[in-house]
Amino acid sequence: QVQLVESGGGLVQTGDSLRLSCAASGRTYAMGWFRQVPGKEREFVATISWSGISTYYADSVKDRFTISRDNAKNTVYLQMNSLKPEDTAVYYCASTSRPVVPINSLAIGAQYDYWGQGTQVTVSS
């Protein structure tokens, strides 16, 4: 069983930066970040392979967000720059339980087996 705990959310202004962290307990493989606004479907943000070599981003955050991981700390990060009001959401960390999954298939939430409780990010205009 894997437990994921997100942190780092908060209230910022347009153009600011935030770094989210997701600390995992247990064995993790590929990990990802998703976000959700009340009343809307969960949206893929970014994913990273276990090695950290492969990453994949949603078009809406490409060139602004960077996903990374520190396997020694069993932690994955999401560096968010140039934040916009439309980035406001609850951000969730997720992990797969399978060692080999094509990176572009990890944009689908059903590929993940474990989810964190979420951290709120609010960007004011």
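Residues numbered from 1 in each chain as written. Predicted model: local features only at pLDDT ≥ 70, side-chain atom pairs only at ≥ 80, totals over all residues. Heavy atoms only, no water.

Engineer: I keep staring at the nonpolar core and nothing clicks. Help me out?
Structural biologist: Generally speaking, soluble globular proteins have nonpolar side chains that are buried together. Ranked by internal contacts, the top residues of the largest apolar core, which has 34 residues, are Trp33, Leu78, Met80 and Tyr91. Residue assignment for this core shows that the elements contributing at least two residues are strand E3 (18-25), strand E4 (31-36), strand E5 (43-48), strand E7 (65-70), strand E8 (75-80), strand E9 (89-95) and strand E11 (119-124). (Core = buried A, V, L, I, M, F, W, Y, C linked by side-chain atoms within 4.5 Å. Buried < 20%, exposed > 50% of the residue type's maximum accessible area, 1.4 Å probe, protein only. Helix = DSSP H or I, 4+ residues; strand = E, 2+ residues; numbered from the N terminus.)

Engineer: Would you mind showing me how to read the environment of serine 51 here?
Structural biologist: Relative to the helices and strands, serine 51 is located in the loop between E5 and strand E6 (55-57). C-alpha of serine 51 to C-alpha of alanine 30: the two residues are 21 residues apart in sequence and 8.3 Å apart in space. Engagement of the side chain of serine 51 in a polar contact is seen with the backbone nitrogen of isoleucine 53, the distance being 3.1 Å. (Polar contact = N/O pair within 3.5 Å; in protein donor to acceptor, adjacent residues only side chain to side chain.)

Engineer: I'm lost on the state of the cysteines in this one. Help?
Structural biologist: When the sulfur atoms of two cysteines share a covalent bond, that bond is a disulfide. According to the stated counting rule, one finds one disulfide in the structure shown. Across a sulfur-sulfur distance of 2.1 Å, cysteine 22 and cysteine 93 are joined as a disulfide pair. When the S-S torsion is -80 degrees, as for the bridge of cysteine 22 with cysteine 93, the disulfide is left-handed. Taken together, the positions of cysteine 22 in strand E3 and cysteine 93 in strand E9 put the pair 71 residues apart, joining distant regions of the chain. Note on accessibility: cysteine 22 and cysteine 93 belong to one class, buried. (Disulfide = S-S within 2.5 Å.)

Engineer: Which parts of the structure should I look at to understand the pattern of salt bridges?
Structural biologist: Side chains that carry opposite charge are capable of pairing whenever their charged atoms lie near each other. Enumeration according to the criterion identifies four salt bridges in this entry. Between aspartate 87 and arginine 35 there is a salt bridge, with its nearest N and O atoms 2.9 Å apart. Residue aspartate 87 is located in the loop between E8 and E9, and its partner arginine 35 is located in strand E4; the two are separated by 52 residues in the primary sequence. On the basis of relative accessibility, which here comes to 0%, the residue aspartate 87 falls in the buried class. Using a relative accessible area of 5% as the deciding quantity, one classes arginine 35 as buried. In this structure, aspartate 87 engages arginine 64 in a salt bridge whose closest nitrogen and oxygen atoms are separated by 2.8 Å. Separated by 23 residues along the polypeptide, aspartate 87 in the loop between E8 and E9 and arginine 64 in the loop between E6 and E7 bring together distant segments of the chain. Through salt bridges with shared partners, one network takes in Arg35, Glu43, Arg64 and Asp87. (Salt bridge = Lys/Arg side-chain N within 4 Å of Asp/Glu carboxyl O.)

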